[in-house]
Amino acid sequence: MSVTIVCITASLSFSQQKFATDSIEIKVEALLQRMTLEEKVGQMNQYNGFWEVTGPAPKEGNAKQKYEHLKKGWVGSVLNVQGTTNVRKLQEIVVKESRLGIPLLFGFDVIHGHKTLSPIPLAESASWDLEAIEKSARAAAVEASAVGINWTFAPMVDITRDARWGRVMEGAGEDPYLGSKIGIARVHGFQGDDLSATTSIVACAKHFAGYGFVEAGREYNTVDVGTSTLYNIILPPFKAAVENGVGTVMNAFNVLNGVPSTGNKFLQRDILKGRWGFNGFVISDWASGAEMVDHGFAKDLKQAAEIAANAGSDMDMESYAYITYLKQLEEEGKVDIKVVDDAVRRVLRVKYELGLFDNPYKYCDAKREEETIAHPDKATVLDIAKKSIVLLKNENNLLPLSKNQQHIAVIGSLANDKNSPLGNWRFGATDSTAVSVLEGFSKYTTHFKYAKCANLTLGKTIFPFELKLNETDTSEFAEAEQLAKQSDVVVMVLGEHGFQSGEGRSRTKLDLPGVQQQLLEAVYKVNKNIVLVLMNGRPLAITWAAEHIPTILETWQLGTEAGDAIASVLFGDYNPSGKLPMTFPRSVGQCPIYYNHYNTGRATAKSKDEVFWSHYTDESVKPLYPFGYGLSYTKFKYSNLSIDTSDAKNIKVSATVTNTGTKSGEEVAQLYIHQKVASVVRPVKELKGFEKFSLKPNESKVITFSLTDKELGFYNNEGNYVVEPGDFDLMVGSNSQEGLVGTFTRK
Ligand code: BGC
């Protein structure tokens, strides 16, 4: 035995050798030795859920072929199969009927909960509450693992700057520092402390890399970014996920600087597996291997398989490229057996870590499934839902509403919608199971009347079909106006349909869709006391509303408990504490707009009539609401900024925050830095620390941040992390535009 191990270790890379004493590595190697080439390729193949698995075995067609492949051990994983009965059935086929009985991985998009839904990820990110985010991912893992799933295609850690892109809803917004912290929290939440625990599922950081930078926000579009943006903005959240043990990484549909991610050796071999020493495996995105032919990077599916495998894409999702051609490619010498072995080792390692070889049915406990589904963790999803809400404006303190207020009008079809609050990416959940705003509302007061006033969409809104918006029907407006006239305050619930963001849901307009803007203006004419409750999956350019409507509450799509969370904020049981994880533009023409941009050579006008400076002639350069922004029902004052540079390797920054209002509340104190001069220009501001805490009226807290080399350096254009001595600006405050400012020198 020892001789065998010595032989094996000799053929391993350095990073693999360091694990070779580990018992999992020994088992992986032993199994690999027994596998035929077809079986190895099988581990690199993933199929979508196929036939009605509990029914009879299919006799013909594609499903029959997949079934045969399962029996031969030619499938390493399936996706979109859930339920312990279904999972067990497929697992039994491979375990009992295939030669080596290697268990399957069951992948699923568990993006923000499974059956019980948390807010969409962008919303959760607005909580800036890492503990609550981790708990939310944990609750999702508990449910998903109970229904047979052992692998989630989450978190999406793509940094996004352009609200036109529909998938901004799925990420943590525009900032790599916040995005990294949130990515880590989600990975921990899904994977737990121990991947072999029954409630742990393996996470997947996606989409590697650059998918968040699709040009003009158009889905699947080209990505062309410079080295500085790649190293400093796009890659850090992936690196953080890898450093924190994420088991898998998904590559992406997009090209990055002319090379499709799936065939991108630089990304997958040099950076991910090379520099970062990633030990897990890379899954392609859905048919992204095959799409390299459409990109014009491979002449056919066979060449696509060759390119993808050599570039380090270990498992093929639904391209049929590996299963069809990889064996042949190896025999022709186009793909080395070492490439195949390396990929298979990675896949097997994850299966061992999950404990699937000890018990392939560990996720197939029907009793646990029944009990878990019967007892959803509503407290966790309600908690994060409340924390995700952002108060954008509260003139005249229209909020919180009084429970005894006599005449409240609630207007808008989204107020009565039990489906849209669930958002997109919720294939494990049942449609229309959210608590609606009206339902939440009625738990607090009976003194209100509701007018739907124009449907947001027309016809059935069945996923994944294109939505038909109501752009014309205003016939119910009169009813709304009438009701508003008779009311003290009008709560208008407006925004996007739940399927208006997500994959394939790019928009060129960021306004309130359909006839909603018209409705808002019509109601405003008769009653100005409007509380606008926004429900949407991306930042919206609600510039008119920001100017005219006194109170605006951003509630995103908050999941199963949406209505209760919203009502608790509207009636003041919960004091809003969320802060925007993405800049809100004033108009689409400003996109992409983000706080951590570079300066230009002409950042300001020298005089009032100056033309030749970096601006628009028809719009301000300022955002509507900046990154990090969010109000509370109380007020926080920042004072006593102090910077201690006595230890250059650990600069201490502190400030006092005082609750000067009359209500208890939570604040997210944020630290931003800007290096004034560097060998590669630095963004005007970069978030480098934050802390969320709660304060009672008149209570103060001294917050302290540390600035070490980890915060002060950056990646140069060679991709090397450097810390350059020099002068820095610094800001500590309540959002990216307001705070106490100071300077310091890093020697
Ligand atoms: C998406 C991935 C997802 C996969 C499987 C693709 O269309 O881009 O994020 O995980 O489908 O559902």
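**Student:** A description of the sheet that holds strand β6 (residues 248-251) should follow, citing residues and the corresponding values.
**Tutor:** Read across the sheet, three strands follow the order β5-β6-β9 without closing on themselves; strand pairing throughout is parallel. Either end of the sheet is taken by a strand with one partner, and the two such strands are β5 (204-208) and β9 (281-283). Going from strand to strand, the sheet's axes swing by 30 degrees on average, the running direction of each strand aside. The sheet contact formed by β6 and β9 spans three bridges and is parallel. Bridging across to β9, Met 250 finds its partner in Ile 283.

**Student:** If you had to explain the side chain of Ser 388 to someone new, which residues and values would you point to?
**Tutor:** On the secondary structure map, Ser 388 appears in helix α18 (residues 378-388). Leave out the neighbours within four places in its chain, and Ser 388 touches Pro 119, Ala 123, Glu 124, Ala 126, Ser 127, Glu 554, Trp 556 and Leu 558.

**Student:** Kindly report on the packing of helix α12 (residues 265-275) against helix α14 (residues 301-311), identifying the contributing residues and their values.
**Tutor:** The contact between α12 and α14 brings their axes to 8 Å, and the two run at 20 degrees. Classified by the interaxial angle, the pair formed by α12 and α14 is roughly parallel. Side by side, α12 and α14 meet where Lys 265, Gln 268 and Arg 269 of the first sit next to Ala 309, Asn 310 and Ala 311 of the second. Of the residues assigned to the contact of α12 with α14, the class counts are two nonpolar, two polar and two charged.

**Student:** So what about the packing of helix α10 (residues 227-234) against helix α11 (residues 236-243)? Which residues, and what values?
**Tutor:** Between α10 and α11, the least distance of the axes is 5 Å, while the angle of their chain directions is 40 degrees. Taken together, the axes of α10 and α11 are oblique relative to one another. Residues Leu 230, Tyr 231, Asn 232, Ile 233 and Ile 234 of α10 form the contact with α11, whose participating residues are Pro 236, Pro 237 and Phe 238. Tallied by class, the residues present in the contact of α10 with α11 amount to seven nonpolar, one polar and no charged.

**Student:** How would you sum up the environment of Phe 571? Please name residues and give values.
**Tutor:** With respect to the helices and strands, Phe 571 occurs in the loop between α23 (562-570) and β19 (636-644). Here Phe 571 falls in the buried class, since its relative accessible area comes to 5%. Between the alpha carbons of Phe 571 and Ala 308 there is a distance of 54 Å; along the sequence they are 263 residues apart. Excluding anything up to four places from it in sequence, Phe 571 contacts Pro 400, Leu 401, Ser 402, Lys 403, Ile 408, Phe 441, Tyr 444 and Thr 445.

**Student:** How would you sum up the environment of Ser 313? Please name residues and give values.
**Tutor:** Along the chain, Ser 313 falls in the loop between α14 and β10 (316-317). With relative accessibility at 2%, the residue Ser 313 sits in the buried group. Spatially, the C-alpha atom of Ser 313 lies 35 Å from that of Ile 384, the residues being 71 residues apart in sequence. Ser 313 has contacts with Asn 251, Thr 262, Gln 268, Val 282, Ser 284, Ala 308 and Tyr 322, leaving out every residue within four places of it along the chain.

**Student:** An account of the nonpolar core is requested, with residue identities and associated values reported.
**Tutor:** Within the largest apolar cluster, 143 residues are counted, with the highest numbers of intra-cluster contacts made by Ile 411 and Leu 570. Leave out the neighbours within four places in its chain, and Ile 411 touches Tyr 450, Ala 451, Cys 453, Ala 480, Leu 483, Ala 484, Val 490, Val 491, Met 492, Val 493, Leu 519 and Val 523. Core analysis: the second largest hydrophobic core is formed by 48 residues, Met 44, Trp 74, Leu 326 and Cys 364 among them.

**Student:** Explain the environment of Phe 253 to me, and be specific about the residues and the numbers.
**Tutor:** Note that Phe 253 resides in the loop between β6 and β7 (255-256). Along the backbone, Phe 253 and Gly 578 are 325 residues apart, and their C-alpha atoms lie at a distance of 32 Å.

**Student:** Can you lay out the site of the ligand for me, pointing to particular residues and giving the numbers?
**Tutor:** By nearness alone, every residue bordering the ligand is listed as Leu 79, Asp 109, Phe 153, Arg 167, Lys 206, His 207, Met 250, Phe 253, Asp 285, Trp 286, Met 317 and Glu 503. Within the contact set of the ligand, an oxygen atom lies 2.7 Å away from a side-chain nitrogen or oxygen of Arg 167. Between the ligand and His 207, the relevant distance is 2.7 Å, taken from an oxygen atom to a side-chain nitrogen or oxygen of the residue. When the ligand is considered free in solution it has 310 Å² of accessible area, and contact with the protein chains removes 93% of it. For the shell around the ligand, the per-class residue count stands at six nonpolar, one polar and five charged.

**Student:** I'd love a proper account of the packing of aromatic side chains, names of residues and values included.
**Tutor:** In total, this model carries 27 aromatic pairs according to the counting rule given. On the basis of an interplanar angle of 75 degrees and a centroid distance of 4.7 Å, the ring pair of Trp 165 and Tyr 211 is categorised as edge-to-face. Residue Trp 165 is located in the loop between β4 (151-152) and α9 (176-191), and its partner Tyr 211 is located in the loop between β5 and α10; the two are separated by 46 residues in the primary sequence. Assessed through its relative accessible area of 0%, Tyr 211 is described here as buried. Judged by centre distance (5.3 Å) and plane angle (20 degrees), the ring pair of Tyr 625 and Tyr 629 falls under stacked. Tyr 629 matches Tyr 625 in its accessibility class, with the two residues each being buried. In this structure an aromatic cluster arises from ring pairing among Trp 128, Tyr 177, Tyr 595, Phe 627, Tyr 672 and Phe 690. Of note, Lys 72 hangs over the ring of Trp 74, and the distance from its end group to the ring centre comes to 4.4 Å. The ring of Trp 425 carries Lys 206 above its face, with NZ or CZ at 5.4 Å from the centroid.

Conventions we followed
- Residues numbered from 1 in each chain as written.
- Predicted model: local features only at pLDDT ≥ 70, side-chain atom pairs only at ≥ 80, totals over all residues.
- Heavy atoms only, no water.
- Pairing = 2+ DSSP bridges.
- Helix = DSSP H or I, 4+ residues; strand = E, 2+ residues; numbered from the N terminus.
- Axes fitted to C-alpha atoms, helices over the stretch in contact; angles between N-to-C directions.
- Contact = heavy atoms within 4.5 Å.
- Parallel < 35°, antiparallel > 145°, perpendicular 65-115°, else oblique.
- Nonpolar A, V, L, I, M, F, W, Y, C, P; charged D, E, K, R; others polar.
- Buried < 20%, exposed > 50% of the residue type's maximum accessible area, 1.4 Å probe, protein only.
- Core = buried A, V, L, I, M, F, W, Y, C linked by side-chain atoms within 4.5 Å.
- Near = heavy atom within 4 Å.
- Polar contact = N/O pair within 3.5 Å; in protein donor to acceptor, adjacent residues only side chain to side chain.
- Areas by Shrake-Rupley, 256 points an atom, 1.4 Å probe, with all protein chains shown as cover.
- Phe/Tyr/Trp six-rings, centres within 6.5 Å; stacked < 30°, edge-to-face > 60°.
- Lys NZ or Arg CZ within 6 Å of the ring centre and 35° of its normal.

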